[in-house]
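Chain residues, written in single-letter form:
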Amino acid sequence: MTADSDTTLVEIGVHGRWSRSLGADVSAAIGKCLAEPPAGIIADLYDLGDPDAASMPLWLAARRAVSAVQPAVQFALCLPTATALNRRLRRTDVVPHVFLFATLAEARAAVTRRLAPVPRRQADMPPHSASAGLARDLVTRAGADWNLPEPLLMRARLVMSELVVNAVEHAGTRIRVTVSHRGADLHLSVHDGTTSRPSLRSAQSSSGTEVLTRPGTRLGIVQAGADAWGSMPARGGKVVWAVVRPRSGDCTAPGL
C-alpha cells in the first residue's frame, strides 16, 4: 500500500499468483484503508497471476465495502484488458461502480478528476519541536473555519501535537501536516520522510504479563484521544493518521 497525502489516494499493488493467502492479505489491506477512508483506492493488478479470475469474488466484496463508506470512496482496478478477470468484471454490474483501466496513469488521472472536494488545511513544517505548536494552531484555525465544537478540537489538537512530536523525535525529517473535515469527523495526518512504522510499546507487569501501554507515552496519548489511528507507506516515507470523531456531550458549535 502507498498513500499520497496530496491527493488522498491509496494505491494497493498486488503481486504474485492468486491464492487464499494472498486474498487474505489483500482483504486486510483494503480493511486498513477503510479504517481511515481515503478519497480513492486504486488496486494495481498488473503483476497478479490469476488466469481463471479466481480473485473476482474479492473485488466484488471490496466494491460493496467501499460503497458503504460515507463520504464516497472512488474505487478503481488497473489490469490488462486481455485477461479473464477483466472480461468477467465487464460482464457484471460492478463496472458502473468500479472503474477498470489499462494503465496506472489512466487510473490515477480518472479517479483524481472524480474526487469530491474535501475541506482541508495543509502545511509543511521543519523537524523542530516548535512544529507541534504550529500544528495545533493549524487545527484551531481549521476548526474555526469549519465551525467545529471545542471539545472535538481539544482532542484533535492533543492528538496532532503528539503525532508531530513523535515524527520530529523519530523521523527527524521535514513533515507535511494535514487536517481534513469529512462528514462530522476530523482526519489528521503527518507525512514524514522515513519508512519506519510507529508501534505501541506495552509495559510488563510484575508477573511478566503484557499490560496496556502506558497512557503517558506519545502513541498511547494518540490512541486515547483518537477514535482510530494507524500508518501506511507513502511516496518518500510514510503517513501516520488519526481520526477524531464527535462524542456525546460535544457542542454543535464552538462556544455553545
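The numbers attached to residues start from 1 for each chain and follow its sequence in the written order. Selection of residues for local features in this predicted model requires a pLDDT of at least 70, selection of side-chain atom pairs for listing and counting requires 80 or more, and totals for whole chains, interfaces and linings are taken over all residues. To obtain the side-chain values, all non-hydrogen atoms of the structure were used and water was disregarded.

### Things to note about empty space enclosed by the protein
What counts, and what does not: Cavities and pockets were defined on a 1 Å grid built over protein atoms only: a cavity is a set of grid points that admits a 1.4 Å probe from which the probe cannot escape, a pocket is an open set flanked by protein on both sides within 12 Å along at least five of seven lines, and lining residues are those with an atom within 4 Å of any such point. Grid points are joined across faces, edges and corners, and a volume is the space filled by probe spheres set on the points. The helix count covers DSSP runs of H or I at least four residues long, the strand count covers runs of E at least two residues long, and both are numbered beginning at the N terminus. Three residue categories are used. Nonpolar comprises Ala, Val, Leu, Ile, Met, Phe, Trp, Tyr, Cys and Pro, charged comprises Asp, Glu, Lys and Arg, and polar comprises the others, including Gly.
Per the stated rule, a full pass over the model turns up one cavity of 30 Å³ or more. Considering only enclosed or pocket space, the largest cavity measures out at about 230 Å³ in volume. Along its surface, the largest cavity is lined by 17 residues, and T8, E36, R182, S189 and V239 are the ones closest to its centre. Going through the elements one at a time, strand 1 (2-4), strand 2 (9-17), strand 7 (175-182), strand 8 (185-192) and strand 10 (237-244) are the ones with two or more residues in the lining of the largest cavity. Grouping the amino acids of the lining of the largest cavity by side-chain chemistry returns eight nonpolar, six polar and three charged.

### Side note on the packing of helix 1 (residues 20-35) against helix 2 (residues 56-67)
Applicable threshold: Axis geometry follows a simple rule: fit a line to the C-alpha atoms, using only the stretch in contact for helices, then measure angles between N-to-C directions, giving values from 0 to 180 degrees. Note on terminology: angles under 35 degrees are roughly parallel, angles over 145 are roughly antiparallel, angles of 65 to 115 are roughly perpendicular, and the others are oblique. By the convention used here, residues are in contact when the closest approach between their heavy atoms is within 4.5 Å.
At a minimum axis distance of 11 Å, the contact between helix 1 and helix 2 shows a crossing angle of 10 degrees. In terms of their interaxial angle, helix 1 and helix 2 are classed as roughly parallel. Counted together, G23, V26, S27, I30 and L34 of helix 1 and L58, W59, A62, A65 and V66 of helix 2 form the full contact between these two elements. Classifying every residue of the contact of helix 1 with helix 2 by side-chain character gives eight nonpolar, two polar and no charged.

### Some points on helix 6 (residues 150-170)
For clarity, the threshold we go by: What a helix is expected to span follows from its residue count: subtract one and scale by 1.5 Å.
Here helix 6 contains 21 residues, and its C-alpha end-to-end distance of 30 Å stays within 8% of the 30 Å for a straight helix at 1.5 Å per residue. Remark: G172 follows helix 6 within two positions and exhibits a positive phi of approximately 70 degrees.

### Considerations on the pattern of salt bridges
For clarity, the threshold we go by: Should a side-chain nitrogen of Lys or Arg be within 4 Å of a carboxyl oxygen of Asp or Glu, the pair is scored as a salt bridge. Only protein chains enter the accessibility calculation, which uses a 1.4 Å probe; a residue is then buried when its area is under 20% of its type maximum, exposed when over 50%, and partly exposed in between.
Taken as a whole and assessed by the stated rule, the structure comprises eight salt bridges. The closest approach of N and O atoms between D124 and R176, which form a salt bridge, is 2.7 Å. Of this pair, D124 sits in strand 6 (residues 120-125) while R176 sits in strand 7, and the two are 52 residues apart along the sequence. By relative accessible area, which is 44% here, D124 ends up partly exposed. Judged by relative accessible area, which is 23%, R176 ranks as partly exposed. We note a salt bridge from R247 to D227, for which the minimum N-O separation is 3.8 Å. With R247 in the segment after strand 10 and D227 in the loop between helix 7 (218-225) and strand 9 (228-234), this pair connects stretches of sequence that are 20 residues apart. If you follow the salt bridges from partner to partner, you end up with E11, R108 and R235 in one network.

### What to know about unusual backbone geometry
The phi dihedral of A53 is positive, around 55 degrees, even though this residue is not glycine. With respect to the helices and strands, the residue A53 is situated in the loop between strand 3 (40-49) and helix 2. Phi is positive for N147, close to 60 degrees, though the residue is something other than glycine. Its place among the elements puts N147 in the loop between helix 5 (131-146) and helix 6. Classification of N147 by relative accessible area gives partly exposed; the value is 47%.

### Some words on the confidence of the model for the protein chain
Detailed reading of predicted coordinates is not advised where the pLDDT is low. Applicable threshold: The predictor attaches a confidence to each residue, called pLDDT, with possible values from 0 through 100.
For the protein chain, per-residue confidence averages 84 on the pLDDT scale, and 86% of positions sit at 70 or higher. Taken element by element, the predicted model of the protein chain shows its lowest mean pLDDT in strand 1 (82) and its highest in helix 5 (96). Scored below 50 in pLDDT, residues 202-216 shows 18 contacts in the model against residues more than four places distant or in partner chains. Long-range and interchain partners of residues 252-256, a stretch whose pLDDT sits below 50, account for 10 contacts in this model, where long-range means more than four residues apart.

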